[in-house]
Structure formats: C-alpha cells, structure tokens
Amino acid sequence: MERGIYFDGWYRDEHCFHPSLPMRRMQMVEDLKDYEATILVWSALGGGSLSLPYLEEEAFGEVPSRLRVYGYMNDQEFIRECGKHGIKVFGVVFEVQGWEFPAEISEDETRLLGLNMMRGQGKKDWYGLREFSQDKYPKLFPKTFRDYFPDGLINSDGEQVTDLWEECAARKMDGTPVHAAWVEVVGHEQICYQMCRNNPVWRAYLKKIIDIQIDAGVHGVHLDECELPITAIGYGGCFCKDCMKQFTAYLIDRQALGNLPPALQNMDLNTFHYGEYLKGLGAEFPGKASETPFFTEYFQFQMKVMTGYFKELTDYIRSYGRSKGRDVLVSGNFFHVMHQYMPLQPEVDIIATEMRNTLYRQAYWYRYANGFAGGKPMTVVENPYGGIVPELLENLKAGRMAEQFQLMLLEATTFGCNLSVPYGGWMGNTIRDAFYAPKEPTMAVQKFLKAKEHLISHDSGAEIVVNYSYPSYYYRENDAAENDPNQATMLSPTMNKDVVMPFWDIIKGLSKQHVPFDVLISSDGALFSDAFTLAKLRPYKCLVLPDNNKMTPDQLRTVLDYLDAGGKVVVYGRLADEMGDADLAARILTHDGTVRCDPAEKLYGFVTSIRDVLPDRKFQIEVEGHPDIGLHPHRLGGGETAVHLVNYQFNRDQDRVIPVERAVFRMRTDRSVTDVIVHTLGEKRLHADWSYEDGYLTVSIPSMPLYALIECKSEG
C-alpha cells in the first residue's frame, strides 16, 4: 500500500494560489524521508494552465544564488532528489483550469515585476493563456507561443486560434464562460475559466504540458479534474461549440439506431442545438436532472466522450514516456470516486482522489473506495469544503487533536485505503492558510505503517460482497444532487433525501455492526468493462444485490453461475426489471440459494437476512457488546489474516483517545490459529487473551488503545 503525501507545499498563513506551487527545498525532501513517503500527489509542475514558458521556468528555471543558500531547487532538481529515495513525484495537470492573472510588467516588457500580488511597479496588465497565445509579451520568457506551435493551433471550425483562453472555455447557455470558482481566491483579481477538453485545441495544449512534465523527469502524470467538462454541469455548462457539435452527432448516430426517446427520435436533428433548444423552452440548466429535457442523453454523451478523451491523454502520457525511454505512471483525481469516474478507472495505474467531505470517521466510504480501486494503489486526500478540515487545522495549529489526526490516518489503513499526509494541503479559496500535519505524531504513524506493511493488504478476505451497479445508480446519484454547484453526492447535506439508494444504506448498516464486506462495481455493458465475473465472486459466501433495477444479461448469468456453484445471494428490492433479461432474473429470484427482501422489512431486517445465509448464521466477525471501535480483516499474501482495530473514543476535553475497557471479537477463519501477536503504535506492549476452537478465533483486549493490529499466525 502506498504511503502518499498530499504535497501542494503551499505556505502557512497565505492563500493557496493555483496553479503554481511554491518552490521546493531540500528540507522538504528530508521531511518526506521522515514521513516514509512513497508517492507525492498534486506535487509539481502545475503552472501549465497559466502558460507553457511559465511551466518551463518551474521545471528548468535558474535558481538565484540567494535561494541556493536555503536549498531551493527547480522542479526538475526536486524530482531527481525524491527519486534518489524511492519517492515517486507526480506532475499535476490542472486540466479544467485556464488562468489570467493581474501582472506588472517592466516598461521594456522584458520582466514580470509582479504576478497575482501587485506592488504598484511598472505598467499594470494581465498575463495568462490569452497573452501567451497572442505573443503579446514575447520578451518575458525565452520561448514564445510559436516556439511550441510553429503552425499555430486550428480549431474545429478550421480557424486559427487567436485567443486560447476564450477559445477553450466551457460555456453556459448564454455563451458566457464558466468559472472554476473553487480556485479563484476571494478578494483577488485573478480569473480562472473552466476549460473544455472536448475542444481539440485544449487537448493539443494539454499534451504540450505533459511533454514538459515528462521531460522534467516526473515519475507519473496526475490528470486533475479528469472528468471535464462534466465538472461544468453544476455551474451551467457546457454549451461550447464543440460540445454542441459532438452532442448533435451523438444523437444522430443514436437516432439511426432507433435508440432515442420519442421526442428526439422524431426530430430533425441536423440543425439541433441543445442550448438553443433549452433556451427556447425557458428551461434551467442543470436544474433537477429528472426534470431537465434530455438531461439523461446529454449526460450519457458527456460520459462517453469524456472517457474517450481521457484515454487519449493517458495513452499519450505512456507513449511519450516510452519515447523518452521511461515508463511513466498515470494517475487521475477521481474526487469522490463516484459514477463519473468508473469508466476512467481502467486507464490509470494509481488512483489519487479527494473525499467529497472529509469526516472524522467514515469506514463505509473507505470500503467503497477500496472496491472502486479494484486492487490498484490508491491514496486519498482531504477536502477543505463541507467537512472537518478547517476545524481540525485550527486545533492542530494550537497543539490539540494530534491523536484524532492519527486516528484518521489509521482508520483509512484499517479499512483498506491510504489517507495521504497533508504537506501544505489546499485549504480552498477563502482560508488564508495551508494544511500541514503535526510532524512527530505523523511520523509515528508513518514509520509504523512502513514497519508493518507486510501486515497491511488491499485484500480483506471478507465473506460478503456488495454490488454497486453503475446503471442502477448513476441516474439516482445525479437526481439526488439536484442543482448543487458543489457536486453533491450521497455524502452531501444538500442531497435529496427522497431519492432511494439502498446501496449506501446497506454498507452504512454493515459498518455500524462491524461486518466485513467488499464492494464490487458492475457496468452497463457498454461504457466500460467490469470485473463482475464468476472468478471474482467465487471467494465470497454471500453476494448482495441492493435494488439493482438494471443489470446486463451477462451479469445475470454470472449471478446464476455463482448460485449454482453454491453461493448465496441476498436481493433487496428490484432485480433487472428496467434493464436485463426477465427470464434470467426470475431464475435468480426463485433459486434455492437466493433470499429476497422486501424494502418494507427496513434495513435492520435486510442485514439480518444477510447474516442468516452465512455459516452458523453468524457474520465473519462479531463484536461483543457495543464498543466504539472499528475493525476489519486483511488477507495477507500467505493466506494468513491480520485484524486491524481503531478506537474512536477521542475525548476533546482530555485531548486524547480514551482506552476501551474491553474489546472482544470472534472471527471465523478457514485455517487454525496457532498464535496471536498484538502490535500497537509505538510498539507498546499489549496483552490480549485469545482462543481458537471449531473454526473460530476469539480475541479479548482488556484495555484497547488508539489502535491495535492483531497478527494471526496459522499452521503451515
């Protein structure tokens, strides 16, 4: 499992100014070594969305002697230093951001005297994508626009691009550009438009950013905001010329197949323009998804082209890396790892993602994220919006809540994920500060995780797998979000509670009862491939299908094969009644191995139904009483098991985690246990009583600290 660092490196007590990150120093590398880092995300070379020569200065620029005294380096040198210690540095491509900054320029136009933060020097103007693409100030940097694009850039209308910023901006229905409001620092003049990757000009520009990053030696390229222009939907876009052209072509292709709603199927689409159509109706966009005309078709279109253009860039990264004699890794910011990102997952090597809301405890979300990753390395970063991060930052700065922070890191590990350590992490566009972890407590966790990495696994060995059906849930997720510019999901307090999404209710319920489970994602059979196969299902004793109203015939056949092989299936609500083979669904529902639960039984009854199909009618792990703990098994490479436990009893008044007086669990195992070793943070000695009998291990911890790792030794 990776030990990730959220390495923006922004300054304490200053705003986090995108897209450029502060210069790196040798002391940073020393800190990364102390944190036992293996991977840095959001960590280098972000300035391409300002201009390419600015990015080259970040990468290769001469460092003044005055800064060398304090160990400052350009980004190429920083990447090289990290590489010496096995730390992978990912360049960040801010795909959706297109910047213009206020600038102060010398009278002879050869020097930038100010950028973003003004001092009243020289002449005031702007510098960013517009000025770069127009070669307005050709003497500011060693290279000009024509050095990168000798023949210029041609848009989809066959025209020479004269303003890259305006050309590639995402657009609202009225034609105005969509802003990337979450990164425009409040109170500053800077302007950031959302860019549209459906525009071939922007993709050509992004490839030049990738070239420079790989030339600078990055170990990987991180494509931030990788779902664009879906990003723009919550802000009223995108209705740019390329989105409208491509959406019309998409509809015409589907019309020829007879695969459109009647209103579109019978329409002359040759002159159809979605934005003009909505304006003619007086419709809002996005409004409520279920009430916006043809929103489903529009969203499906954007999902399809988004997936294709993302793959175009990931293929380009790997190809250009190989042309330079290196294998360059690919990552993407999959934000809340929801349905928008499912088709993109197969294209990346490492998943670096943000939580929609960062909370003090969220075991069920980590289990979902682990299932989304599908065995690929993942590191999760915190999000300053809508969660606990601003409060936590203030407490950590005041010397409080260090154990709460340790608990957050260890909860992620317990439930199969890596929570990255913030090193100057982003604090949004209003808070004038950056998020740094308390060093000594963080080092204690990181060094422990490295020492015990042989006892940490992506594989849980859980007996239960819960299916997240993409076709059954993606539209519900959109509908639940309604018109929320902050991309609400099931984690958002603004979501529509009337939208029924049993998947989330079920995994929350299982987590509350300390029940180990995995999540397996299934596709619609068209947009992306999934791992919903008999080989994947065979290790589980129970498959949970939570109101899967849409399943493909292949998926239904796989469920039948699983049942015929002795597996148990618990169905909540509907099964393939809106999409799928009715005969196959009926055979599943009437199979001896299937239990069907009516939603009227409520969640508790449903969880009980799952328990009843398991051996001895017991969950794999059952906890005695109701201690405020979380626990989860990790299946290790040799087939043995380690059980990770976290103690949630953080007391704010005492500023520490209060030990649980007695934590007892019983676990079913498929091999006998010959010894139990308890590991704790700092390797403090901890006694646990244990016994093994008739296939069950019972462990009792008299006084459980913040965290305990139970290593179960087995015969052979």
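Residues numbered from 1 in each chain as written. Predicted model: local features only at pLDDT ≥ 70, side-chain atom pairs only at ≥ 80, totals over all residues. Heavy atoms only, no water.

**Q** Please clarify how the overall build of the chain should be interpreted in this entry.
**A** The secondary structure content of the chain amounts to 22 helices and 30 strands. Taken over C-alpha atoms, the radius of gyration comes to 27 Å for the chain, in line with the 27 Å a tight globule of 716 residues would show. Its C-alpha atoms put the chain at 85 × 70 × 50 Å along the principal axes. Of all 716 residues assigned to the chain, the portion counted as buried reaches 61%. For the chain, contacts bridging at least 24 residues in sequence account for 74% of all contacts bridging at least 6. As displayed, the chain has an accessible area near 27,300 Å², and 48% of this comes from carbon and sulfur atoms. Side-chain charges in the chain split into 74 positive and 99 negative, and the spacing between the mean points of these groups amounts to 3 Å. (Helix = DSSP H or I, 4+ residues; strand = E, 2+ residues; numbered from the N terminus. Rg over C-alpha atoms; globule rule 2.2 N^0.38 Å. Buried < 20%, exposed > 50% of the residue type's maximum accessible area, 1.4 Å probe, protein only. Contact = heavy atoms within 4.5 Å. Areas by Shrake-Rupley, 256 points an atom, 1.4 Å probe, with all protein chains shown as cover. Lys, Arg positive; Asp, Glu negative; His and termini not counted. Charge placed at Lys NZ, Arg CZ, Asp CG, Glu CD.)

**Q** Teacher, can you tell me more about the layout of surface pockets here?
**A** The gaps left among the atoms become clear once a water-sized probe is rolled over them. If you add up the space inside the largest pocket, you get close to 1,000 Å³. Taken together, 32 residues form the lining of the largest pocket, with Ser-20, Leu-21, Pro-22, Met-23 and Tyr-54 sitting closest to its centre. Secondary structure elements with two or more residues in the lining of the largest pocket: helix 2 (52-60), strand 4 (72-73) and strand 7 (112-115). The element best represented in the lining of the largest pocket is helix 2, accounting for three residues. Of the residues assigned to the lining of the largest pocket, the class counts are 20 nonpolar, seven polar and five charged. Within this model, the second largest pocket holds a volume of roughly 860 Å³. What lines the second largest pocket is a set of 43 residues, and nearest its centre among them are Asp-459, Asp-518, Val-519, Lys-536 and Tyr-540. For the lining of the second largest pocket, the secondary structure elements donating two or more residues are helix 13 (363-373), strand 17 (518-522), strand 22 (629-635), strand 26 (663-668) and strand 30 (707-714). Per-class residue counts for the lining of the second largest pocket are 17 nonpolar, 14 polar and twelve charged. (1 Å grid on protein atoms, 1.4 Å probe; cavity = no way out; pocket = protein on both sides within 12 Å on 5 of 7 lines; lining within 4 Å. Points joined across faces, edges and corners; volume = space filled by probe spheres on them. Nonpolar A, V, L, I, M, F, W, Y, C, P; charged D, E, K, R; others polar.)

**Q** Help me out: how do you make sense of the side chain of Glu-14 in this one?
**A** Summarising the element assignment, Glu-14 is placed in the loop between strand 1 (4-6) and strand 2 (24-25). Side chain to side chain, Glu-14 and Arg-432 meet in a polar contact 3.3 Å long. In this structure Glu-14 touches Met-117, Arg-432, Asp-433 and Ala-434, once residues within four positions along its chain are discounted. (Polar contact = N/O pair within 3.5 Å; in protein donor to acceptor, adjacent residues only side chain to side chain.)

**Q** I keep staring at the nonpolar core and nothing clicks. Help me out?
**A** Nonpolar side chains in soluble globular proteins tend to end up buried together. Among the nonpolar cores identified, the biggest contains 205 residues, and Leu-40, Tyr-274, Phe-334, Tyr-368, Phe-372, Ile-464 and Tyr-468 are the most heavily contacted of them. In terms of residue count, helix 12 (residues 295-323) provides more of this core than any other element does, twelve residues in total. Non-local contacts of Phe-372, meaning those with residues more than four positions away in its chain, are made with Phe-334, Val-337, Met-338, Tyr-341, Met-342, Gln-345, Ile-351, Met-378 and Ile-521. Formed by 21 residues, the second largest nonpolar core is a distinct cluster that contains Val-643, Ala-688, Ile-701 and Ile-710. (Core = buried A, V, L, I, M, F, W, Y, C linked by side-chain atoms within 4.5 Å.)

**Q** Help me understand the environment of Phe-301, please; the structure alone is not making it clear to me.
**A** Tracing the chain through its elements places Phe-301 in helix 12. Taking C-alpha positions, Phe-301 is 47 Å from Asp-670, a pair spaced 369 residues apart along the chain. The residues touching Phe-301, leaving out its near neighbours within four places in the chain, are Asn-198, Cys-243, Gln-246, Phe-247 and Tyr-250.

**Q** Explain the pattern of salt bridges to me, please; I cannot follow it from the model alone.
**A** In the structure shown here, the tally under the stated rule is 41 salt bridges. One salt bridge in this structure joins Arg-203 and Glu-312, with 3.3 Å as the shortest N-O distance. One end of the pair, Arg-203, is in helix 8 (residues 200-215); the other, Glu-312, is in helix 12, and 109 residues separate them in sequence. In this structure Arg-203 comes out as buried when scored by relative accessible area, which is 10%. Residue classification places Glu-312 among the partly exposed residues on the basis of a relative accessible area of 27%. Notably, a salt bridge pairs Glu-463 with Lys-541, separated by 3.7 Å at the nearest N-O pair. With Glu-463 in the loop between helix 16 (439-451) and strand 16 (464-469) and Lys-541 in the loop between helix 19 (534-537) and strand 18 (542-550), this residue pair connects regions lying 78 residues apart in the sequence. (Salt bridge = Lys/Arg side-chain N within 4 Å of Asp/Glu carboxyl O.)

**Q** Teacher, can you tell me more about the packing of aromatic side chains here?
**A** Each aromatic ring pair is specified by the distance between its two centres and by the angle formed by the two planes. With the rule as written, the count across this model stands at 52 aromatic pairs. Residues Tyr-277 and Phe-294 carry aromatic rings whose centres are separated by 5.3 Å and whose planes lie at 25° to one another, so their mutual orientation is stacked. Of the two residues, Tyr-277 is situated in helix 11 (residues 274-281) and Phe-294 in the loop between helix 11 and helix 12; the sequence distance between them amounts to 17 residues. Positioned above the aromatic ring of Tyr-696 is the side chain of Arg-666, whose terminal nitrogen or guanidinium carbon lies 4.0 Å from the ring centre. (Phe/Tyr/Trp six-rings, centres within 6.5 Å; stacked < 30°, edge-to-face > 60°. Lys NZ or Arg CZ within 6 Å of the ring centre and 35° of its normal.)

**Q** I'm lost on the packing of helix 8 against helix 12 in this one. Help?
**A** How two helices pack is summed up by the angle between their axes together with the distance between the axes. Relative to each other, helix 8 and helix 12 sit at 30°, their axes nearing to 10 Å. Between helix 8 and helix 12, the interaxial angle falls into the category roughly parallel. Two packed elements cross with a definite hand, and for helix 8 against helix 12 that hand is right-handed. Here helix 8 contributes Arg-203, Leu-206, Lys-207, Ile-210, Asp-211, Ile-214 and Asp-215 to the contact with helix 12, which in turn contributes Tyr-309, Glu-312, Leu-313, Tyr-316, Ile-317, Tyr-320 and Gly-321. Across the contact of helix 8 with helix 12, the residue classes break down as eight nonpolar, one polar and five charged. (Axes fitted to C-alpha atoms, helices over the stretch in contact; angles between N-to-C directions. Parallel < 35°, antiparallel > 145°, perpendicular 65-115°, else oblique. Left-handed = near helix turned anticlockwise from the far one by under 90°.)

**Q** I'm lost on the side chain of Asp-242 in this one. Help?
**A** Topologically, Asp-242 is positioned in helix 9 (residues 241-256). At 2.7 Å, the side chain of Asp-242 forms a polar contact with the side chain of Ser-156. Among all residues touching Asp-242, those that are not within four sequence positions of it are Ser-156, Asn-198, Asn-199 and Pro-200.

**Q** Whenever I open this one, the sheet that holds strand 18 confuses me. Can you help?
**A** In a beta sheet, neighbouring strands pair by backbone hydrogen bonds and run either parallel or antiparallel. The parallel open sheet is built from five strands, whose spatial order is 17-16-18-19-20. Each of the sheet's edge strands pairs with one partner strand only, and the pair in question is strand 17 and strand 20 (594-597). Adjacent strand axes in the sheet meet at a mean angle of 30° when their direction is disregarded. Of the strands in this sheet, strand 16 and strand 17 are in contact with helix 13, which crosses strand 17 at around 50°. Sheet strands in contact with helix 20 (residues 553-564) are strand 17, strand 18, strand 19 (568-579) and strand 20, and its direction is about 160° off that of strand 19. (Pairing = 2+ DSSP bridges.)

**Q** When you look at the sheet that holds strand 15 (residues 435-436) in this model, what are you seeing that I'm missing?
**A** Across the sheet, which stays open at both edges, the nine strands sit in the order 13-12-11-10-5-3-1-14-15 with mixed pairing between neighbours. In this open sheet, the two strands that pair with only one neighbour each are strand 13 (378-381) and strand 15. Of the pairings in the sheet, the one linking strand 1 to strand 3 (residues 39-44) comprises three bridges and is parallel in character. Bridge assignment links Tyr-6 to a residue of strand 3, and that residue is Val-41. Contacts from helix 12 reach strand 10 (220-224) and strand 11 (329-333), with the element oriented near 165° to strand 10.

Geometric descriptors of this kind do not, in isolation, establish any biological role.
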